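Analysis of the macromolecular model
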Amino acid sequence: MAQEEQARRDAGPQHVVDSVVIPEAADEARDSEFRISPRIEDWIGVIVMVLLVGITFANVVVRYFTDESFAWTEEFSVFLMIVLALVAGSAAVARDRNIRIEYFFERGSAARQKRLAVLSAVAVAVMFLALAVLGARITWDEYTFGETSPGIGVPSWWYSVWLPVLSVAIALRALALAWRNVRALKALHALKQGGEGAQ
C-alpha cells in the first residue's frame, strides 16, 4: 500500500481511466514543485524585456531630438534578444511546453506518450549540449584572438559566453524533464500492475 501511494506521488497530477490512476503530462507540474523554479527564467526574461524597452525608448528619444543615436544600442539589443530567446526556451523546456507534433504525441496510450516525452526531452538535451560545446569553442576562439565587438569595441566573448552557459541550463532542464517522465512512466506501470493485482 505504501509503495502504491509513493507511486502516485511520483506520478504527479493524475486522473482515473477504467479504474486505473493515470499520471497527467509532466507540464502540469506546478512551479513550486521544481527544485529550481522556472520562475527564475521568467524573472530574467522580465528584466531583459525591461532593458530592451528602456534602451530602445532612449535611443528613439535621442534620435528624435538630436538626429543621432547611441552606437551601442543595436549591438546590445541583439545580445539581449538572444538571451531572451534562450531564457524563454529554458522555461518552456522546464514546463514541457516546447514545440512538438501533437498528432503523433497524442496518439496511443499514456505510457506511449510518456516514452515519447522522454525521447523528446533527451533529444533536446543532446542538441543543447552540442550547442554548448560549439558555443564554448567560439567563445574560447574570441577570447584567444582578442576579438572585439564592431559597435563599441568590447571583447566579443562577453556576449558569446552566455550561449554555452544558457545552453547548458536548457540541457539540464531537459534532462530533469526526462527524469520526471521516467518516474511517471515507472509509477504508471506500478499503478497498472497494482490495478491488475487487485482484480
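Residues numbered from 1 in each chain as written. Predicted model: local features only at pLDDT ≥ 70, side-chain atom pairs only at ≥ 80, totals over all residues. Heavy atoms only, no water.

- As recorded by an unreviewed UniProt entry, the chain carries the name TRAP transporter small permease protein and is attributed to Cupriavidus pauculus.
- Recorded in UniProt under Sequence similarities (unreviewed entry), the annotation for the chain is "Belongs to the TRAP transporter small permease family."
- Looking at the chain in UniProt, the text filed under Subcellular location (unreviewed entry) is "Cell inner membrane". (UniProt positions renumbered as here; feature names shortened; annotations may be inferred.)

1. Notes on the nonpolar core
- Among the nonpolar cores identified, the biggest contains 18 residues, and L80, V83, V124, F128 and I170 are the most heavily contacted of them.
- Elements with a contribution of two residues or more to this core: α2 (39-66), α3 (73-94), α5 (110-145) and α7 (162-198).
- The element contributing the most residues to this core is α3, with 6 residues.
- Contact partners of I170, with chain neighbours within four places excluded, come to L86, G89, S90, V93, V124 and F128. (Core = buried A, V, L, I, M, F, W, Y, C linked by side-chain atoms within 4.5 Å. Buried < 20%, exposed > 50% of the residue type's maximum accessible area, 1.4 Å probe, protein only. Helix = DSSP H or I, 4+ residues; strand = E, 2+ residues; numbered from the N terminus. Contact = heavy atoms within 4.5 Å.)

2. Digging into the pattern of salt bridges
- Enumeration according to the criterion identifies 2 salt bridges in this entry.
- Here E41 and R173 are joined by a salt bridge, their closest N and O atoms 2.9 Å apart. Placement of the pair is E41 in helix α2 and R173 in helix α7, with a sequence separation of 132 residues.
- Classification of E41 by relative accessible area gives buried; the value is 10%.
- D42 is the partner of R95 in a salt bridge, and the nearest nitrogen-oxygen pair spans 2.6 Å. In this pair, R95 sits in the loop between α3 and α4 (102-105) while D42 sits in helix α2, placing the two residues 53 residues apart along the sequence. (Salt bridge = Lys/Arg side-chain N within 4 Å of Asp/Glu carboxyl O.)

3. Details of the UniProt feature "transmembrane region" (unreviewed entry) in the chain
- UniProt's feature table lists "transmembrane region" (unreviewed entry) at residues 43-64, 76-95, 116-136 and 156-179, given in the numbering used throughout.
- Secondary structure content for residues 43-64 is 100% helix and 0% strand, and the end C-alpha separation is 31 Å.

4. Description of the packing of aromatic side chains
- A full pass over the atoms with the stated rule returns 5 aromatic pairs.
- Among the aromatic residues, those joined into a ring-pair cluster are F76, F79 and Y159. (Phe/Tyr/Trp six-rings, centres within 6.5 Å; stacked < 30°, edge-to-face > 60°.)

5. Concerning the packing of α2 against α3
- Relative to each other, α2 and α3 sit at 160 degrees, their axes nearing to 9 Å. Regarding the angle of α2 to α3, the classification is roughly antiparallel. Handedness of the crossing formed by α2 with α3: left-handed. In this structure, α2 contributes E41, D42, I44, G45, V48, M49, L51, L52, I55 and N59 to the contact, and α3 contributes T73, F76, S77, L80, M81, V83, L84, V87, S90 and A91.
- Looking at the contact of α2 with α3, its residues break down into 13 nonpolar, 5 polar and 2 charged. (Axes fitted to C-alpha atoms, helices over the stretch in contact; angles between N-to-C directions. Parallel < 35°, antiparallel > 145°, perpendicular 65-115°, else oblique. Left-handed = near helix turned anticlockwise from the far one by under 90°. Nonpolar A, V, L, I, M, F, W, Y, C, P; charged D, E, K, R; others polar.)

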